[in-house]
Amino acid sequence: MKQSRARLGVTAAVLGLMTLAGCSYDATKVPTHKAVPAADPSPASCETTDADLRSYAPSKAAGDAVKRIRKAGVLKVGVSADTLLLGARNPSTNAIEGFDIDVANKIAAELGVKPQYRVINAGQRIELLENNEIDIVARNMTINCARWQSVAFSAEYYRAGQKVLVRPDTADSYAGPQDLAGLKVCAPTGTTSVDNIKAAEPDVISEPALTHTGCLVKFQQGQVDAITGDDTVLAGLVAQDKLYAAVPKQDAFTKEPYGIATNADDTDLVAFINAVLEDMRADGSWQASYDKWLKPYLLIEATQPQPVYGR
């Protein structure tokens, strides 16, 4: 597939999002980004299997982590503020909103505390949890074997899949990652997306950016030919820019089960979160959030994944 490399003008909407990509935010302060680690730890012996979706049995018992959060009066949540549909700042209200934010808000409400959002990039997720600078990550984080070495995960709350975004004039001819051989493809540093696309097509030229918004800017400026990432994230990019971006009909080439991540020692908090996710299944709030944020752009029916316990 031949792709145009003509430099395209950056729209006003994307210029606004560039501002979001470089900022940090929570309810009370504006922390700064730290350096981005090269990648998540990936022990050579670690191979992700369905067993890695096992989490801790639901319980609302107040263990050490739950007591700590209640005493503080806030749940410190690492989020995205520029991933439209999942976690993005509303320019009219300045509030961060989306599918992941709905889940975080529900957890905070059940804990009886206020959510305090800290905008982070993908590469910061594990570091900030390990340093106890945040309590949870609600930022489209894939559960996998390697990450279980460093953090603890809730049960799966959404199943995404990695796909590719291209220009509309090439979407009809796109047949799969093999069409990206020799082309520049962008994915954020600190995610598994770069490794996944290289595994699917070794001749891809990877061009990292700090965030998917950074990838979109590079894409619009003609610096890269395609963007790869979870279908949820790509749907948000297309929602921002229907003129220059399209996600062709394609099968996902990975499975991306999302979980809420905590510090590895906070297993009582994980059990509490799992109880909240069960509440969201029972009261319909998970389905309502999906139908509001993701269904209009993914155009697929989805239900909350069945949990796997027993860790």
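Refer to the structure presented above.
Given the structure is predicted, the values throughout are model-derived calculations rather than measurements. (Residues numbered from 1 in each chain as written. Predicted model: local features only at pLDDT ≥ 70, side-chain atom pairs only at ≥ 80, totals over all residues. Heavy atoms only, no water.)

Chemist: How do you make sense of the packing of helix α3 (residues 99-111) against helix α11 (residues 285-293) when you look at a structure like this?
Modeler: A packed helix pair is summarised by two numbers, namely the angle formed by the two axes and the spacing between the axes. Here α3 crosses α11 at 155°, and the two axes come no closer than 9 Å. In terms of orientation, α3 and α11 fall into the roughly antiparallel class. Both α3 and α11 take part in a crossing whose hand is right-handed. Between α3 and α11, the residues in contact are Phe99, Asp102 and Lys106 and Ser285, Trp286, Ser289, Tyr290 and Trp293, respectively. (Axes fitted to C-alpha atoms, helices over the stretch in contact; angles between N-to-C directions. Helix = DSSP H or I, 4+ residues; strand = E, 2+ residues; numbered from the N terminus. Parallel < 35°, antiparallel > 145°, perpendicular 65-115°, else oblique. Left-handed = near helix turned anticlockwise from the far one by under 90°. Contact = heavy atoms within 4.5 Å.)

Chemist: Please explain helix α10 (residues 267-283) as it appears in this structure.
Modeler: Counting along an α-helix, one turn takes 3.6 residues, and residues three or four places apart therefore face a common direction. The end-to-end C-alpha separation of α10 is 24 Å, in line with the 24 Å expected for 17 residues at 1.5 Å each. Immediately beyond the C-terminal end of α10, within one or two residues, lies Gly284, with a positive phi of roughly 85°. (Expected span 1.5 Å × (residues − 1).)

Chemist: Sorry if this is basic, but what is going on with the environment of Glu156 here?
Modeler: You can see Glu156 is positioned in the loop between β8 (151-153) and β9 (158-160). Sequence separation between Glu156 and Tyr258 is 102 residues, and the spatial gap between their C-alpha atoms is 5.4 Å. Residues within four places of Glu156 in sequence aside, it is in contact with Leu53, Ile143, Pro257, Tyr258 and Pro305. Here Arg159 takes part through its side chain, which lies 2.6 Å from a polar atom of the side chain of Glu156. (Polar contact = N/O pair within 3.5 Å; in protein donor to acceptor, adjacent residues only side chain to side chain.)

Chemist: Looking at this model, I keep getting lost on the packing of aromatic side chains. Mind explaining?
Modeler: Describing an aromatic ring pair means giving the distance of the ring centres and the angle of the ring planes. Inspection of every chain in the model, using the stated rule, returns 10 aromatic pairs. Between Phe99 and Tyr158 the ring centres are 5.8 Å apart and the planes differ by 70°, which places this aromatic pair in the edge-to-face class. With Phe99 in helix α3 and Tyr158 in strand β9, this residue pair connects regions lying 59 residues apart in the sequence. Like Phe99, the residue Tyr158 is buried in the burial classification. Cluster of aromatic residues (ring-pair linked, three or more members): Phe99, Tyr157, Tyr158, Tyr258, Trp286 and Tyr290. The positively charged end of Arg167 is found above the aromatic ring belonging to Phe219, 4.1 Å away from the centroid. The cationic tip of Arg311 hangs over the ring face of Trp148; the distance from NZ or CZ to the ring centre is 3.5 Å. (Phe/Tyr/Trp six-rings, centres within 6.5 Å; stacked < 30°, edge-to-face > 60°. Buried < 20%, exposed > 50% of the residue type's maximum accessible area, 1.4 Å probe, protein only. Lys NZ or Arg CZ within 6 Å of the ring centre and 35° of its normal.)

Chemist: How do you make sense of the environment of Lys60 when you look at a structure like this?
Modeler: Tracing the backbone shows Lys60 in the loop between β1 (54-55) and α2 (64-72). Sequence separation between Lys60 and Val270 is 210 residues, and the spatial gap between their C-alpha atoms is 9.7 Å. Residues contacting Lys60, with those up to four places away along its chain left out, are Glu110, Phe272, Ala275, Val276 and Asp279. Within the local environment of Lys60, its side chain forms a polar contact with the side chain of Asp279, the two groups lying 2.6 Å apart.

Chemist: Could you clarify how one ought to interpret the sheet that holds strand β6 (residues 114-119) in this entry?
Modeler: Paired through backbone hydrogen bonds, the strands of a sheet run either parallel or antiparallel to each other. Within the open sheet, the five strands sit side by side as β6-β2-β7-β15-β8. Their pairing is mixed. Across the chains shown, the open sheet's two edge strands, defined by having one partner strand only, are β6 and β8. As judged from the six bridges shared by strand β2 (residues 74-79) and β6, these two strands associate in the parallel manner. Note on β6: the bridge partner recorded for Val79 is Val119. Along the sheet face, α10 touches β7 (136-137), β8 and β15 (261-263) and points at about 155° away from the line of β15. (Pairing = 2+ DSSP bridges.)

Chemist: Teacher, can you tell me more about the nonpolar core here?
Modeler: The nonpolar side chains of soluble globular proteins are, as a tendency, buried together. Of all hydrophobic cores here, the largest spans 41 residues; its most connected members are Leu75, Phe99, Ile107, Leu111, Tyr158 and Leu294. Ranked by the residues each element gives to this core, the list is headed by α3, at seven residues. Discounting chain neighbours no more than four positions away, the residues touching Leu111 are Val66, Ile69, Arg70, Leu75, Leu269 and Phe272. (Core = buried A, V, L, I, M, F, W, Y, C linked by side-chain atoms within 4.5 Å.)

Chemist: Looking at this structure, how should I read the environment of Tyr56?
Modeler: As for its placement among the helices and strands, Tyr56 is situated in the loop between β1 and α2. The class of Tyr56 is partly exposed, set by a relative accessible area of 22%. Sequence separation of Tyr56 and Arg311 is 255 residues, and the distance between their C-alpha atoms is 5.4 Å. Excluding residues that lie within four positions of it along the chain, Tyr56 makes contacts with Trp148, Thr267, Val270, Ala271, Asn274, Tyr309 and Arg311.

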